[in-house]
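# Coordinate inspection notes
The primary structure of each chain is shown beneath.
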Amino acid sequence: MLDSKHFNNLQNIVGKQDCYNDKAHLIAYCYDATRERYEPDAVVYPQNELQVSEILKYCNTHKITLIPRGAGSGFTGGALPSSGGVILAMEKHFNNILEIDEKNLIARVQPAVINKHFQNIIEQKGLFYPPDPASQDYSTLGGNVSENAGGMRAAKYGITKDYVMALRAVLPNGDIIRAGKKTIKDVAGYNIVGTLIASEGTLAVITELTLKLIAKPRFKRSAMGIFATIDDAMNAVYKTMASGITPVAMEFLDNLSICAVEDRFHKGLPKDAGAIIITQVDGDLQELLDYQLHALQAKFKENNCKEFKIAQNEQEEEDLWFARRNASQSITIYGKKKLNEDITVPRARLPELLAGIGEISKKYGFKIPCFGHTGDGNVHTNVMVEDLKDLQRGHEAITEIFKLAVDLEGTLSGEHGIGLSKASFMELAFTKEEMNLFRNLKRAFDPNNILNPGKMGL
Ligand SMILES: Cc1cc2nc3c(=O)[nH]c(=O)nc-3n(C[C@H](O)[C@H](O)[C@H](O)COP(=O)(O)OP(=O)(O)OC[C@H]3O[C@@H](n4cnc5c(N)ncnc54)[C@H](O)[C@@H]3O)c2cc1C
């Protein structure tokens, strides 16, 4: 509970119009995409970096918890006030694109710029910012950096961390820092930019980002490979990527996901397939795209692909991607509760991962539809719990899936982060010594633990 003296002092920093503790505001900020509910004590909308600094300094002095927040689309509770405190809502005043430097292929933005809005603006200039989380229509670039978001284009273009060159941030004691440079090469000093990426608002508040841009490829084309077994499909993914062909995306749906989409939307998907892979290539020459598609087709066929369909026009292109875009909502037919995780393994371990998930599904008797970004080894596994009294067993199945991913040299999360939801699994993936290092790092930035406490298992 924030006492009225503190509330009034925060109001004095930002003004009454940007500081609230009425019920409507508290409820508006008590959820994210996890749908867990935690009410904050107040919501503050800082107008500029100096105000962020004053707020942090004040809260640090009085040991008041602060939770930075972008759009609140996180899947792991990173922006939830799990132990109360003040929401530092960036969305109202930190949503400007500050500079597009076409000579250096760089943009400077405030952290609450929406990913898709940014993409639309720079694409008008023939430029391209590849990170494309499926939430790009509403998630913010600051949230993307804080979670190190990825998307379908990661197979070729990488993820958010590959595009952050520099940033400005405010530390919990109110100090304003700059980290990184506009230069491609920069090896002076510790990599503070890298440390803040994926730090989930636990170390500092990001107030500005300098992002790398590239030229927008002129053409793209898509295709779908149909496989009899999931093992064939997973072998095709890693063997294709290892052969030097680099498609933009390699997205897969397993049989349960295919059937769920088909039963709902009747798009003519192959319900007897073990898996489909939807893939895309891009470039500046149509001939190059033809070459890449034929190379992909040959590689897929070497790995028992039954059929390879190349989209011939925009409508067919759209139809191919429809299945992938609608997989997540369609699989809800398999259970009342979807326990959804985004484990990732090195690509060559995908066949073992999917085989292992099949075994876990048999052992627990849950359907576990899987789909996702196999081009970068990232699989969305969904343990579907039909009867809510089986929820505990569902969580046991998830724990086994996490263990399997870690045993296969993989990780707990490829994109959604740790937040609250996966905090208790951190010790599966990191040793005691590594966890101690994380805790020491957190203490170095935030000795009073005011910034997003309890997240990331820290
Ligand atoms: C339908 C759907 C699809 C999704 N698809 C993807 C996907 O394909 N790939 C993917 O990676 N993710 C995906 N996500 C998850 C989510 O959208 C991403 O994690 C996104 O990056 C979060 O951005 P946000 O602005 O909503 O951040 P929030 O949820 O508001 O915050 C996320 C974290 O960032 C911190 N934070 C936010 N702003 C700042 C700041 N300025 N300074 C310091 N810390 C800050 C918060 O404290 C919190 O810990 C999806 C979510 C949904 C609902």
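In this report, the structure presented in the accompanying data block is examined. Predicted model only: the values in this text are computed from it and were never measured.

### Re the pattern of salt bridges
Counted by the stated rule, this structure contains 28 salt bridges. Glutamate 99 is paired through a salt bridge with arginine 108; the nearest N and O atoms lie 2.8 Å apart. Its relative accessible area of 26% is what places glutamate 99 among the partly exposed residues. Given the relative accessible area of 24%, arginine 108 is considered partly exposed. With its nearest N and O atoms 3.7 Å apart, the salt bridge here joins glutamate 102 to lysine 125. In this pair, glutamate 102 sits in the loop between strand E5 (97–101) and strand E6 (106–109) while lysine 125 sits in the loop between helix H4 (115–123) and strand E7 (127–128), placing the two residues 23 residues apart along the sequence.

### Observations regarding unusual backbone geometry
Within the chain, leucine 105 stands out as a residue other than glycine whose phi angle is a positive 55°. Inspection of the secondary structure assignment puts leucine 105 in the loop between E5 and E6. Here the phi dihedral of asparagine 304 falls at roughly 65°; this positive angle occurs in a residue that is not glycine. Taking the relative accessible area as the measure of exposure, asparagine 304 reaches 45% and is therefore partly exposed.

### Some remarks on the packing of aromatic side chains
Summed over the entire model, instances satisfying the criterion amount to 10 aromatic pairs. Seen from their ring centres, phenylalanine 128 and tyrosine 157 are 5.4 Å apart, and the 90° between their planes marks the pair as edge-to-face. Within this pair, whereas phenylalanine 128 is found in strand E7, its partner tyrosine 157 is found in helix H6 (residues 154–157), the two being separated by 29 residues in sequence. In this structure, phenylalanine 128 and tyrosine 157 share a single accessibility class: buried.

### Some details on the side chain of asparagine 148
Counting through the fold element by element, asparagine 148 comes out in the loop between helix H5 (141–147) and H6. Under the relative-accessibility criterion, asparagine 148 is labelled buried at 12%. Apart from residues no more than four positions distant in its own chain, asparagine 148 is found in contact with Ile159, Thr160, Lys161, Ile197, Ala198 and Gly414.

### Structural notes on the environment of leucine 441
Within the secondary structure layout, leucine 441 lies in helix H16 (residues 432–445). Sequence separation of leucine 441 and threonine 195 is 246 residues, and the distance between their C-alpha atoms is 9.4 Å. Those residues in contact with leucine 441 that sit more than four places away from it in its chain are Thr195 and Leu203.

### Notes on helix H13 (residues 350–364)
A turn of α-helix holds 3.6 residues, and therefore any two residues three or four places apart point the same way. The first and last C-alpha atoms of H13 sit 21 Å apart over 15 residues, in line with the 21 Å expected at 1.5 Å per residue. Regarding H13, the residues found buried are Leu350, Pro351, Leu353, Leu354, Gly356, Ile357, Ile360, Ser361 and Tyr364. The inward-facing, buried residues of H13 contact helix H8 (230–242), strand E13 (249–254), strand E17 (370–373), strand E18 (378–385) and helix H14 (391–407). Downstream of H13 by one or two residues, glycine 365 has phi in the positive range, about 75°.

### Considering the state of the cysteines
By the definition in use, this model includes 0 disulfides. Of all cysteine sulfurs in the structure, the one in cysteine 370 sits closest to cysteine 259, which takes part in no disulfide; the separation is 14 Å. With relative accessibility at 12%, the residue cysteine 259 sits in the buried group.

### Some words on the site of the ligand
Residues in contact with the ligand amount to 34 residues; listed here are only the nearest, Pro68, Ser73, Ser135, Thr140 and Gly150. One nitrogen or oxygen atom from the main chain of proline 68 is found 2.6 Å from an oxygen atom belonging to the ligand. Alanine 71 is positioned such that a nitrogen or oxygen atom in its backbone is 2.9 Å from an oxygen atom of the ligand. Within the complex, 93% of the 980 Å² of free accessible area of the ligand lies under protein. At 5 residues, H5 tops the list of elements feeding residues into the shell around the ligand. Across the shell around the ligand, the residue classes break down as 14 nonpolar, 16 polar and 4 charged.

Conventions used here
- Throughout this description, residue numbers start from 1 for each chain and increase along the sequence as written.
- Since the coordinates come from a predicted model, pLDDT governs what is reported: local features require at least 70, and pairs of side-chain atoms require 80 or more to be given and counted, while whole-chain, interface and lining totals use all residues.
- Note that water and hydrogens are dropped before the side-chain values are worked out from all heavy atoms of the structure.
- Whenever a carboxyl oxygen of Asp or Glu lies within 4 Å of a side-chain nitrogen of Lys or Arg, that contact is scored as a salt bridge.
- The buried label applies to any residue whose accessible area, calculated with a 1.4 Å probe on protein chains only, is under 20% of its type's maximum; exposed applies above 50%, and partly exposed to all values in between.
- By the criteria applied, helices consist of DSSP H or I runs no shorter than four residues and strands consist of E runs no shorter than two, each listed in order from the N terminus.
- Aromatic pairing here means that ring centres of Phe, Tyr or Trp (its six-membered ring) are within 6.5 Å. Orientation follows from the plane angle: under 30 degrees is stacked, over 60 is edge-to-face, and everything else is tilted.
- In what follows, residue pairs with any heavy atoms lying within 4.5 Å of each other are defined as contacts.
- Here, expected helix span is obtained from the residue count minus one, scaled by 1.5 Å.
- Working definition: a disulfide is two cysteine sulfur atoms within 2.5 Å of each other.
- Here a residue is near a molecule or strand as soon as one of its heavy atoms is found within 4 Å of it.
- A 3.5 Å cut-off defines polar contacts: any pair of N or O atoms within that distance qualifies, except that in protein one atom must be a possible hydrogen donor and the other a possible acceptor, and neighbouring residues in sequence count only when both atoms are side-chain atoms.
- Areas reported as accessible are Shrake-Rupley estimates using a 1.4 Å probe. Residue values count occlusion only from the protein chains shown.
- Throughout this entry, Asp, Glu, Lys and Arg are counted as charged residues, while Ala, Val, Leu, Ile, Met, Phe, Trp, Tyr, Cys and Pro are counted as nonpolar. The remaining residues, Gly among them, count as polar.

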